[in-house]
Amino acid sequence: MTASDQRAYFFKIDTTIKKVRYVFQKRLDEAGMELTVDQWVLLDHVFHFPGISQNALAEKTAKDNPTVTRILDILVKKGLIERRMAEEDRRKFNLHLTTAGTDKYHVAFPVVAEVRKIGWANLSDQDFDDLVRILDTIYLNITG
């Protein structure tokens, strides 16, 4: 058995994620964003991938379809995202930010950027590259 077999690295990853989400949510709340972290994640992805399908959004955000549907329903109700019927298949919808959604994105992004900056303090671009490489390797090892 190697040392890595004995380390609780998943616990370390999980506790770090929970702390980052907590701080992120706290900052969003303090800024009056009226967004949850999960709502931000979907808003961010629709901003970067206008016209994305709900299935593709679920895949990109590693969330199940019922969760994505529930969050999208809230974002639609808030007037931040709209579902448009897909031209190629009238049974599917493509997702787009509304003007209010784009405005919310631009107001919320500095809050997000600040949390990222705080979290990444004292770390280099090489550290980031190494982290991504390591996490991608773990992901591929687990999903095989």
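**Remarks on the pattern of salt bridges**
Scanning all chains against the criterion turns up six salt bridges. A salt bridge links Asp38 to Arg21; its shortest N-O distance comes to 3.3 Å. One end of the pair, Asp38, is in helix 3 (residues 37–48); the other, Arg21, is in helix 2 (residues 9–30), and 17 residues separate them in sequence. With relative accessibility at 36%, the residue Arg21 sits in the partly exposed group. Among the charged side chains, a network of salt bridges with common partners joins Arg21, Asp38 and Lys63.

**A closer look at the packing of aromatic side chains**
Scanning all chains against the criterion turns up five aromatic pairs. Ring geometry for Trp40 against Tyr105: centres 5.1 Å apart, planes inclined by 15°, an arrangement best described as stacked. Of the two residues, Trp40 sits in helix 3 while Tyr105 sits in helix 6 (residues 99–119), which places them 65 residues apart along the sequence. When sorted by exposure, Trp40 lands in the same class as Tyr105, which is buried. Centroid distance Phe47 to Tyr105: 3.7 Å. Interplanar angle 10°. Geometry classified as stacked.

Conventions adopted
- The residue numbers shown here count from 1 along each chain, following its written sequence.
- Selection of residues for local features in this predicted model requires a pLDDT of at least 70, selection of side-chain atom pairs for listing and counting requires 80 or more, and totals for whole chains, interfaces and linings are taken over all residues.
- For side-chain calculations, the full set of non-hydrogen atoms in the structure is used, while hydrogens and water are omitted.
- By definition here, a salt bridge exists when the distance from a side-chain nitrogen of Lys or Arg to a carboxyl oxygen of Asp or Glu is within 4 Å.
- Only DSSP runs of H or I with at least four residues qualify as helices, and only runs of E with at least two residues qualify as strands; both kinds are numbered from the N terminus onward.
- Relative accessible area decides the class of each residue, using a 1.4 Å probe on protein chains only: under 20% of the type maximum gives buried, over 50% gives exposed, and in between gives partly exposed.
- Here a pair means two rings of Phe, Tyr or Trp (six-membered ring of Trp) with centres within 6.5 Å. Their orientation is stacked below 30 degrees between planes, edge-to-face above 60, and tilted elsewhere.

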